[in-house]
Amino acid sequence: RKFLNDVKSTNPLHVFQAKSQPNKTAAICIYSRDIASDLNRHGVIYHKTYLINWDTFSKSVPDELMNHFIRGLFDGDGCWNISKRKGMKDYLRFNYICKNTEFLNKMKKYIAEKCKIKENKLYLHKRDDIKYIQYSGLNEVRQIYNYMYKNATIFLDRKYEKSTNFLATQSQTA
């Protein structure tokens, strides 16, 4: 709904529950050759999971806006996961998943540089054709959180609130 308001659209919002997903999914349809052309020119393409190209975005998106771009990707294909271990302190994990290994390698290098954290390895998902970036150290996760949400006004509320609430409890117990 926030997106529809931002683009001043009266198009309907379709909400549905996929059997394999715990959360509801929302979709809208906007038909505009001009918007499609502009998005395509900036590297937004159909089947981005397979064809996404870091170099295209890094040339098209100004560096001061990259945190917003990365947050948008994360809102689509990433997650904050709170891991609970018996007898140990809970921890927050940052995960971003993609089928394009070259894209992931460049993204993790960029995030490490911008957040001043150690560059992590790529992890192989249980489906062999998918890899992901993962960080779980409190300092690393906090740096990524601060970078992604700096000056943010548009984000997926559920992901933002989950990470914000967890990190707030860590500040109180630290």
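Each chain has its residues counted from 1, running along the sequence as written. Restriction of local features to residues with pLDDT of at least 70 applies here, the model being predicted, together with a cutoff of 80 or more for giving and counting side-chain atom pairs; totals for whole chains, interfaces and linings are based on all residues. Each side-chain value is derived from all of the structure's non-hydrogen atoms; neither hydrogens nor water enter the calculation.

Novice: Talk me through the pattern of salt bridges; I want residue IDs and the actual numbers.
Specialist: Put simply, a salt bridge is a Lys or Arg side-chain nitrogen that is within 4 Å of an Asp or Glu carboxyl oxygen. Summed over the entire model, instances satisfying the criterion amount to five salt bridges. A salt bridge links Asp55 to Lys106; the nearest nitrogen and oxygen atoms lie 2.8 Å apart. Of the two residues, Asp55 is situated in helix H4 (residues 54-60) and Lys106 in helix H6 (residues 101-115); the sequence distance between them amounts to 51 residues. We call a residue buried when its accessible area falls under 20% of the maximum for its residue type, exposed when it is over 50%, and partly exposed in between, using a 1.4 Å probe and counting protein chains only. Accessibility expressed as a relative area gives 31% for Asp55, which makes it partly exposed. What makes Lys106 partly exposed here is its relative accessible area of 28%. In this description a helix means any DSSP run of H or I spanning at least four residues, a strand means any run of E spanning at least two, and both kinds are numbered starting from the N terminus.

Novice: Give me a nonpolar patch on the surface: which residues, what numbers.
Specialist: Each patch is built from residues lacking any salt bridge and having more than 30% relative accessible area; the joining distance is 9 Å for like charges and 5 Å for nonpolar side chains (Val, Leu, Ile, Met, Phe, Trp, Tyr). Only the protein chains shown count as cover for residues, and the accessible areas themselves come from Shrake-Rupley with a 1.4 Å probe. Among the surface-exposed residues, Phe3, Val7, Ile30, Ile35, Leu39 and Val44 lie close enough to one another that they form a single nonpolar patch of about 490 Å² accessible area. Summarising the element assignment, Phe3 is placed in helix H1 (residues 2-6). Accessibility expressed as a relative area gives 48% for Phe3, which makes it partly exposed.

Novice: Mind laying out the packing of aromatic side chains, listing which residues take part and the relevant values?
Specialist: Centres within 6.5 Å make a pair out of two Phe, Tyr or Trp rings, where for Trp the six-membered ring is used; the pair is then stacked when the planes are under 30 degrees apart, edge-to-face when over 60, and tilted otherwise. A complete count under the given rule lists 14 aromatic pairs for this structure. Ring centres of Phe74 and Phe94 lie 5.1 Å apart, and the angle between their planes is 10°; this geometry places the pair in the stacked category. Taken together, the residues Phe74 in helix H5 (residues 66-77) and Phe94 in strand E4 (residues 91-98) connect sequence positions 20 residues apart. Pair check on accessibility: Phe74 and Phe94 agree, each one buried. Joined through ring pairs, the aromatic side chains of Phe74, Trp80, Phe94, Tyr145, Tyr149, Phe155 and Tyr160 make up one cluster. A cation sits over an aromatic face here: Lys159 above Phe74, 5.2 Å from the ring centre. In this scheme, Lys NZ or Arg CZ marks a charge over a ring once it lies within 6 Å of the ring centre and within 35 degrees of the ring normal.

Novice: I'd love a proper account of the environment of Val141, names of residues and values included.
Specialist: Along the polypeptide, Val141 turns up in helix H7 (residues 138-149). Taking the C-alpha atoms as reference, Val141 lies 20 Å from Ile154; in sequence the two are 13 residues apart. Here a residue-residue contact requires only that any non-hydrogen atoms of the pair lie within 4.5 Å. With near-sequence residues (within four places) excluded, Val141 lies in contact with Trp80, Leu92, Phe94, Tyr135 and Ser136.

Novice: Lay out the sheet that holds E4 in plain terms, naming residues and giving numbers.
Specialist: At least two bridges found by DSSP between two strands is the condition for calling them paired. Read from one edge of the open sheet, four strands run E3-E4-E6-E5, paired in antiparallel fashion. Each edge of the open sheet carries a strand with a single partner, namely strand E3 (78-83) and strand E5 (122-124). For this sheet the average axis-to-axis angle between neighbouring strands, irrespective of direction, equals 35°. In the sheet, E5 pairs with strand E6 (residues 131-135) via three bridges, with the strands oriented antiparallel. Bridged to Leu124 within E6 is Lys131. Along the sheet, H6 makes contact with E4, E5 and E6, crossing E6 at roughly 15°. Note on method: axes are straight lines fitted to C-alpha atoms, helices fitted across the in-contact stretch only, with angles between N-to-C directions ranging 0 to 180 degrees.

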